Amino acid sequence: MTVYTELEGQTALVTGASRGIGFAIAEELTRSGVTVVMTARKDDALQQAVNSLPDGKAIGIAGKADDPEHRRQVLDTIAERFGRLDILINNAGINPVYGKLVDLEMAAVEKVLSVNLLSTLAWTQAAYHHEGLKFRENRGRVVNLSSVAGATPSPNLGLYGVSKAAVNHLTTTLGAELGPEVRVNAIAPAVVKTQFSEALYAEGEDKVAQQYPLKRLGTPEDIAHTAVFLVSDSSSWITSQVITLDGGLLSNGGRA
Ligand SMILES: NC(=O)c1ccc[n+]([C@@H]2O[C@H](COP(=O)([O-])OP(=O)(O)OC[C@H]3O[C@@H](n4cnc5c(N)ncnc54)[C@H](OP(=O)(O)O)[C@@H]3O)[C@@H](O)[C@H]2O)c1
């Protein structure tokens, strides 16, 4: 665990943070003294997650990442309570459909793109332009959650892969547009052990892990360590990058 003392007193927003990768990032940020605002759809689980973090270091506001009214409420609350936003982690992501692109219901396609792609841009736009957050003055940092599914086509994960490939391009483009004030990077993991990915290792974790040169699946903490590095001063010359965290899977010819 690395403590980045320069982050002490800063404010972060982590979307989709009641469990899994988002929660691990929120928890790791609090270790460096960051106050974290967390979102998720289900309020009970969100408040439980908030209560498991150090007193006064986290608040939770329930809502859907792709709901403009929720975004407004969250950012206005951060402005009123903390007067600043330094770090935006666009983590909320869904993958409710499996199957070939050609067979998918267009309503499902729209929903996946709305949550995974459009809200990533919408949160970034809203944070960047909100006068009460001083995101630019604070040299704001954005980290988007992508996936190795955005790098290579994966059977039955085509739509999810399309959404994450677009997140990669969004990241590199925003990084180029928003420097020098704001840095924008993404993390593209292979399978990380969370509720989201359970089906991908249902046949046995050890068996799936054999495809990985490092012979294990990822943990939420693996992702959190890199996310906090990417918002720290130690990465101050890194922007527009998609960092693959995959235990070597892609280099071994593997795919999501
Ligand atoms: N786990 C993996 O193997 C893996 C690999 C590559 C990339 N990723 C990416 O990493 C991110 C996090 O995944 P995870 O594995 O941690 O997922 P997870 O365990 O399913 O957790 C997802 C979190 O997001 C919240 N959430 C889901 N939909 C939301 C929405 N529409 N609006 C707001 N919050 C929402 C969930 O709470 P509620 O259900 O209460 O909303 C929960 O807190 C995603 O973007 C995913 O695509 C994951």
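Above: the structure in question.
Residues numbered from 1 in each chain as written. Predicted model: local features only at pLDDT ≥ 70, side-chain atom pairs only at ≥ 80, totals over all residues. Heavy atoms only, no water.

Attention shifts here to the packing of aromatic side chains. Taken as a whole and assessed by the stated rule, the structure comprises 1 aromatic pair. Plain terms: the ring middles of Tyr160 and Phe196 are 5.7 Å apart, the flat faces sit at 50° to each other, and that makes the pair tilted. Here the residue Tyr160 occupies a position in helix α5 (residues 158-178), and Phe196 occupies one in the loop between β6 (183-189) and α6 (205-209), the gap between them amounting to 36 residues. For Phe196, a relative accessible area of 41% gives the class partly exposed. (Phe/Tyr/Trp six-rings, centres within 6.5 Å; stacked < 30°, edge-to-face > 60°. Helix = DSSP H or I, 4+ residues; strand = E, 2+ residues; numbered from the N terminus. Buried < 20%, exposed > 50% of the residue type's maximum accessible area, 1.4 Å probe, protein only.)

The full set close to the ligand counts 30 residues, and Ser18, Arg41, Asn91, Tyr160 and Thr194 are the nearest of them. A distance of 2.8 Å is found between an oxygen atom of the ligand and a backbone nitrogen or oxygen belonging to Val192. Contact distances for the ligand include 2.5 Å between an oxygen atom and a side-chain N or O atom of Thr194. Burial of the ligand by the protein chains amounts to 97% of its free accessible area of 880 Å². Here the ligand occupies the largest pocket. Put simply, the parts of the chain that give the shell around the ligand at least two residues each are α1 (20-31) and α5. (Near = heavy atom within 4 Å. Polar contact = N/O pair within 3.5 Å; in protein donor to acceptor, adjacent residues only side chain to side chain. Areas by Shrake-Rupley, 256 points an atom, 1.4 Å probe, with all protein chains shown as cover. 1 Å grid on protein atoms, 1.4 Å probe; cavity = no way out; pocket = protein on both sides within 12 Å on 5 of 7 lines; lining within 4 Å. Sits in = over half its atoms within 2 Å of the grid points.)

The strand order across the open sheet formed by 7 strands is β3-β2-β1-β4-β5-β6-β7, and the pairing between neighbours is parallel. Each edge of the open sheet is held by one strand with a lone partner, namely β3 (58-62) and β7 (242-245). Each strand of the sheet is rotated relative to its neighbour by a mean of 15°, with strand direction disregarded. Docked against the sheet, α1 engages β1 (11-14), β2 (35-40), β4 (87-90) and β5 (141-145), running at close to 170° with respect to β2. Its contacts with the sheet put helix α3 (residues 68-82) on β1, β2 and β3, and the angle it makes with β3 is roughly 155°. (Pairing = 2+ DSSP bridges. Axes fitted to C-alpha atoms, helices over the stretch in contact; angles between N-to-C directions. Contact = heavy atoms within 4.5 Å.)

Interpretation note: all reported values are geometric properties and have no functional meaning in isolation.
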